[in-house]
Amino acid sequence: MTGTNRALCIGGEWVPSLSGDTIEVRDPATGELVGTSAVANAADVDRAVAAAQAGFMRWNLLTADERAQILLRAAQLVDERTPEMAELLTREQGKPIPDSVKEISFGAQVIRYYAEQGRRVWGSIRPTVRKDIRSLVTWEPLGVVAAIVPWNYPVDLYAWKIGPALAAGNSVVVKPPVEAPLAIAAFVQCFIDAGLPEGVLSDLPGAFEAGSRLSEHPDVAAITATASTATGQAIMRSAAGTMKRVTLELGGHSPFIVLDDADVAEAAAAAARRSFSNAGQICIAVNRIFVADTIADEFAEAVAAEARAITLGHGVEAGITGGPVTTSAVIEKTRRHIDEAVAGGATLGAGGKHAAVRDGLDGSMFFEPTVLDHVSIDALVMREESFGPLVAMHRFGANDSVVDLANRGDYGLAAYVYGDDLDRAWGVAEGLHAGGVGVNINDVSELQAPFGGWKMSGFGRELGPEGLQGMMQQRHIRIRRRSA
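Residues numbered from 1 in each chain as written. Predicted model: local features only at pLDDT ≥ 70, side-chain atom pairs only at ≥ 80, totals over all residues. Heavy atoms only, no water.

Taking an unreviewed UniProt entry as the reference, the protein is identified by name as Aldehyde dehydrogenase family protein belonging to Leucobacter albus.

A. Local environment of the sheet that holds strand β5 (residues 33–38). Pairing in this open sheet of three strands is mixed, and the strands run β1-β5-β4 from one edge to the other. A strand with exactly one partner marks an edge of an open sheet, and here the two such strands are β1 (5–6) and β4 (22–26). Strand direction decides the pairing type here: β1 and β5, joined by two bridges, are parallel. The residue bridging N5 from the neighbouring strand is T36, located in β5. (Pairing = 2+ DSSP bridges. Helix = DSSP H or I, 4+ residues; strand = E, 2+ residues; numbered from the N terminus.)

B. Fine view of the environment of C283. Summarising the element assignment, C283 is placed in the loop between α8 (264–276) and β14 (286–292). By relative accessible area, which is 14% here, C283 ends up buried. In the structure, C283 is positioned 174 residues away from S457 in sequence and 9.4 Å away in space, judged by C-alpha atoms. Setting aside residues up to four positions removed in sequence, C283 forms contacts with N152, E249, L250, G252, S254, E385, F387, L413 and F451. (Buried < 20%, exposed > 50% of the residue type's maximum accessible area, 1.4 Å probe, protein only. Contact = heavy atoms within 4.5 Å.)

C. Representation of the side chain of R67 within the structure. Residue position: R67 is located in helix α2 (residues 64–93). The side chain of R67 sits in the buried core without any salt bridge; E66 is the nearest counter-charge, 7.2 Å away. Polar contacts involving the side chain of R67 include one to the main-chain carbonyl oxygen of W59, which spans 3.4 Å. Within the structure, R67 has its side chain in polar contact with the backbone oxygen of L62 (distance 3.0 Å). Leaving out residues up to four positions away in the same chain, R67 has contacts with W59, N60, L62, L166, A167, A168 and G169. (Lys, Arg positive; Asp, Glu negative; His and termini not counted. Salt bridge = Lys/Arg side-chain N within 4 Å of Asp/Glu carboxyl O. Polar contact = N/O pair within 3.5 Å; in protein donor to acceptor, adjacent residues only side chain to side chain.)

D. Just the pattern of salt bridges, in detail. As enumerated under the stated definition, the model contains 26 salt bridges in all. A salt bridge links R213 to E216, with the shortest nitrogen-to-oxygen separation between them at 3.4 Å. With a gap of three residues between them, R213 and E216 both fall in helix α6 (residues 208–216), about one helical turn apart. Residues R335 and D339 are paired through a salt bridge, measuring 3.0 Å at the closest nitrogen-oxygen approach. Linking R335 with D339, this pair stays in helix α10 (residues 328–343), spanning four residues, or about one helical turn. Members of the salt-bridge network, linked through shared partners, are D46, R213 and E216.

E. The arrangement of the nonpolar core in detail. Counting residues in hydrophobic clusters, the biggest one holds 126 residues, and the most contacted among them are I162, F187, F191, F256, I289 and F299. For this core, the element with the highest residue contribution is α2, accounting for 10 residues. In this structure I162 touches I111, V172, V174, F187, F191 and L201, once residues within four positions along its chain are discounted. Grouped together as the second largest cluster of nonpolar side chains are 25 residues, V49, L214, I235 and L250 included. (Core = buried A, V, L, I, M, F, W, Y, C linked by side-chain atoms within 4.5 Å.)

Structure below.
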């Protein structure tokens, strides 16, 4: 039971919620009804966790190779069904079709990667102080893993969580976003059709009640979530009672440093893409640009030109490069940041208002990509994540420490540096307080490298071998031989 009118998936079976509650999913570009979704409550979570406990035993009877074959088959099905899933994702979330295709395709790559990585888990025999002692160290699954997925990249981040968890031998209960649960249902069906055993994967769209129950549930061994910092703090408090392992990828507020020897056109295009892709609703979006004052005028105009070149519209239409925001709260916060910055002396380089769109679209959900220049270092937009189509520029001089400026604040998920002198740019990168730094590149995510934050941006790592290890635990078996 997938597609536009979805139920809960409990252990591989599509069932209604116990409360009977449902929610409408509407296209943010048009306001049209895309479908409906059942909404899970705490009792539904309990059902799913019970199924996951039984599923864990079934999944662990399989060898790593057998699990890999199922995951690889699921990834193949995702690839085959990507066109249909991409249109569904665009209609419920808003991003243009090419971006939805890219997201889903990368999700399939993540599943394939962890299918293979799961085959490469090994233990070791460690040295000991006695000849009659042997110490064996092995990696084991955790048990039932809970996952919470956000609405901005629902399919991609879903794969980041279930890929390593399943490859490690765990069963998984996921709370996907009620704002965008439909493409996820089709993604889950790929695993069911690939032969995933009963109970191994459950999918429960829900709100606070479901998330809270997952994080406090005594039979859940670990929880991994991508969420706001406030939600992450609530998860930590709730999980503490049962000493769960917690992996949190939380809010970001990424600086983008443009040194005086940077290629202005290249840096401007990169900054604009990372600022305005997905309407700025990205945890590693460029929020704050620090540009050397000697090139600031040229750079500011180049970024503004990139912003003005974005074609806003319904993401299912050809030629559209920017879509609506997903929720009205995004525009409310973006508007507040713009007004406060301009009142403090900032100038508007591009955007700053609701976009004019064709008839049939919901203009209240479209906002022009906005560039602010001459922004005070103390402005709200320089201290808070907008999570919308807005970027702010602050100019720095030869006597300013741009590293200190960039490190201001509580967040440390991603940062970016552009400059022609690689030694200099590298030195700046090593001084930044962030879990990922891009030097002359506007993306810090790499399938085979760890992704995660410092400071209030969370802890734990996804992707890479570290993502798999985060879903496992070590066991030490110390054996005394009777004859050495």
